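The primary structure of each chain is shown beneath.
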Amino acid sequence: MTYWDKEKECISRKLLEDLQLRRLKETVYRVYAFVPAYKEKFDAAGVKPDDINSLEDIRKLPFTIKSDLRNNYPFNLFAVPMSEVVRIHSSSGTTGKPTVVGYTRKDLDTWSELMARALTSAGADRYSVIQNAYGYGLFTGGLGVHYGAEKLGASVIPSSGGNTKRQVMLMQDFGTTVLTCTPSYALFMAEVMEEMGITPADLKLKAGIFGAEPWSEDMRTKIEDSLKIKAFDIYGLSEIIGPGVAIECDAKNGLHIAEDHFLVEIIDPITEEVLPYGTPGELVITTLTKEALPMIRYRTRDLTTLDIVPCECGRTHVRMQKVLGRSDDMVIIRGVNIFPSMVESVLLRIKGVSPYYLLVVDRKGNLDFLEVQVEVSEEIFSDEVRRLEELGALITKELESALGIAVKVRLVEPKSIARSEGKATRVIDKRKI
Amino acid sequence: MAKQISVFLENKAGRLSNVTRVLGDAQINIRALSIADTSDFGILRIIVSDPVKAYKILKEAGFTVSETQVIAVQIPDSPGGLASVLEHMADENLNIEYLYAFLGTTENDALVIFKVEDIEKAEAAFKKKEIKFLDENQLYRL
Ligand SMILES: [Zn+2]
């Protein structure tokens, strides 16, 4: 087993917890002293930095949510003067003001370390040729992976997103061994490759590290089969640091969270009660080493489960299960919680059905309706109406039994569901428009 | 035996005109056409002057396309012409998936496109009764 930083990744739980507590206390003192918004919140909750004397004491601290970032737009949550900030990233502000995150030089080092760990965990090393097809720019995916791959000493192709035929050409000509992008883009690349008449045997691709959107096990199987690679899930969010917060190991049984840098909890998203290991809930992250933008109990809105059982790979850090979905993407239809990944799993199990789909939720009168739009690929297309209707009925039946609600399946033309080079849009909720 | 091009169409305004525009721009003539539709989608079936090229350019234009083997049968252009062909097919137990008429005629006969379950069996049955059907090259050149 190869590690990037064995001492940290395989540290004993006792030593890890000591380190976490020391770093937590330091972080709490720092935000209380330098970030007025945190001081106000702590004071309102009646908690002082001196009250934090064990890891459990973190529960005394108030949560931080996305709107705290927006309310302090752009830089008011920064804990260092701007002269110390060397990089700024920002999320797209599709629902209101964008959120802004900053990094000191040391933060960038930490981030690169975490990404180097992640890449190593997926089998990459200094001999790897890493094609980074995450978007470069304000989005943390591109530069985050880039600096980590350089730290690792691999040869990085900063191809960024888009121009898929050229991506395939680069992969072939430069002998790319590791691909990094969103899972939906990886699948789109596989499709374009096929159209170009290029097979996995023409490439040297061995592994892919895919993240920035939730994806199912069936999607993993589909990607691994169509590109003939090992596909690893990576987790991160810009508010915390970007990609590299957690990564799968060869065991592919959850993602190891870099606990020397992040303290994690799972809470009930409604009651905010902290839940024990093994119980599904919302992931809450406190940064332990971030300088520019420390986060105290940040509610990620990502739903997962934590597993503390020692992993066969030897890493001691807790594993989070593949994110089931983001609470933002979850749609509640007639009281039933539906995640796009559930629909994806069903579709991928039906032969020939492409995993390009869109959930459209609408309200007619007082009733909510779910329409699932599924692309008709050449594999499932027939010149006979009856066969397509049978297929539609089969998809409907499978979806209804998996989701437990009535579904209207609409067969649509290919590419009419936007191919995303960044994050795929999976849900349109017309009830909110 | 002849090649029919089948195209998946959503029931949205402008989709059919898109297909015909793509073909027209590529100098491909449509010889016969039928649309089967439901409330959600339609299937366009066409016989064109150059099916290989039509398949390629429609695919490039983003449509879901397939090639289907059909038979173009010459029906005497007189009352009862189609009926006698259909009766013969029923006698021979030939299952017809669908049929549609050709645009224009040849040698005073009407042309009807048949999609049958077993195309070789159908051809043999037609030969037996001396019912004429066109080969590919005759058909595309019409
Ligand atoms: Zn492991």
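Structure: above.
An account of the accompanying structure is given in this report. Predicted model only: the values in this text are computed from it and were never measured. (Residues numbered from 1 in each chain as written. Chains lettered and ligands numbered in written order. Predicted model: local features only at pLDDT ≥ 70, side-chain atom pairs only at ≥ 80, totals over all residues. Heavy atoms only, no water.)

Side note on the interface of chain B and chain A
Interfaces are often described in size by the accessible area the parts lose on coming together.
1) Next: At the interface, 24 residues of chain B touch 19 residues of chain A.
2) Next: Summed over both partners, the interface of chain B with chain A buries about 1800 Å², with 52% contributed by carbon and sulfur atoms.
3) Next: Looking only at chain B, the three residues that lose the most surface to chain A are Phe 8, Asp 40 and Thr 64 of chain B, adding up to 32% of its buried area.
4) Next: At the junction of chain B and chain A, the tally comes to seven salt bridges.
5) Next: Lys 115 of chain B serves as the salt-bridge partner of Glu 384 of chain A, at 2.9 Å between the closest nitrogen and oxygen. (Contact = heavy atoms within 4.5 Å. Buried area = accessible area lost by both parts, 1.4 Å probe. Salt bridge = Lys/Arg side-chain N within 4 Å of Asp/Glu carboxyl O.)

Details of the nonpolar core
1) Next: Ranked by size, the top nonpolar core spans 70 residues in total, and within it Phe 42, Tyr 235, Ile 257, Leu 283, Ile 285 and Met 320 of chain A carry the most contacts.
2) Next: Of the residues forming this core, the biggest block, seven residues, is contributed by helix H5 (residues 105-121) of chain A.
3) Next: The residues touching Ile 257 of chain A, leaving out its near neighbours within four places in the chain, are Val 245, Ala 246, Val 264, Leu 283, Leu 306, His 317, Val 318 and Met 320 of chain A.
4) Next: Residues Leu 391, Ile 405 and Val 407 of chain A together with Phe 8 of chain B belong to the second largest nonpolar core, which totals 31 residues. (Core = buried A, V, L, I, M, F, W, Y, C linked by side-chain atoms within 4.5 Å. Buried < 20%, exposed > 50% of the residue type's maximum accessible area, 1.4 Å probe, protein only. Helix = DSSP H or I, 4+ residues; strand = E, 2+ residues; numbered from the N terminus.)

Looking at the packing of helix H7 (residues 164-174) of chain A against helix H8 (residues 183-195) of chain A
Residue and element names in this part refer to chain A.
1) Next: Relative orientation of the contacting elements H7 and H8 amounts to 80°, with a least axis distance of 9 Å. Comparing their axes, H8 and H7 come out roughly perpendicular. Along its contact with H7, which presents Thr 164, Lys 165, Gln 167, Val 168 and Met 171, the element H8 presents Tyr 185, Phe 188, Met 189, Val 192 and Met 193. (Axes fitted to C-alpha atoms, helices over the stretch in contact; angles between N-to-C directions. Parallel < 35°, antiparallel > 145°, perpendicular 65-115°, else oblique.)

Here we look at the packing of aromatic side chains
1) Next: Under the defined criterion, the tally for this structure stands at 12 aromatic pairs over all chains.
2) Next: With a centroid separation of 6.1 Å and 25° between ring planes, the pair formed by Tyr 32 of chain A and Phe 42 of chain A is classed as stacked. With Tyr 32 of chain A in helix H2 (residues 13-34) and Phe 42 of chain A in helix H3 (residues 36-45), this pair connects stretches of sequence that are 10 residues apart. Considered together, Tyr 32 of chain A and Phe 42 of chain A belong to a single accessibility category, that of buried residues.
3) Next: Arranged with centres 6.1 Å apart and planes meeting at 80°, the rings of Phe 381 of chain A and Phe 8 of chain B form a pair that is edge-to-face. Pair noted here: Phe 381 of chain A is in the loop between strand S20 (367-375) and helix H11 (385-403) and Phe 8 of chain B is in strand S1 (residues 2-10), and the two residues belong to different chains. (Phe/Tyr/Trp six-rings, centres within 6.5 Å; stacked < 30°, edge-to-face > 60°.)

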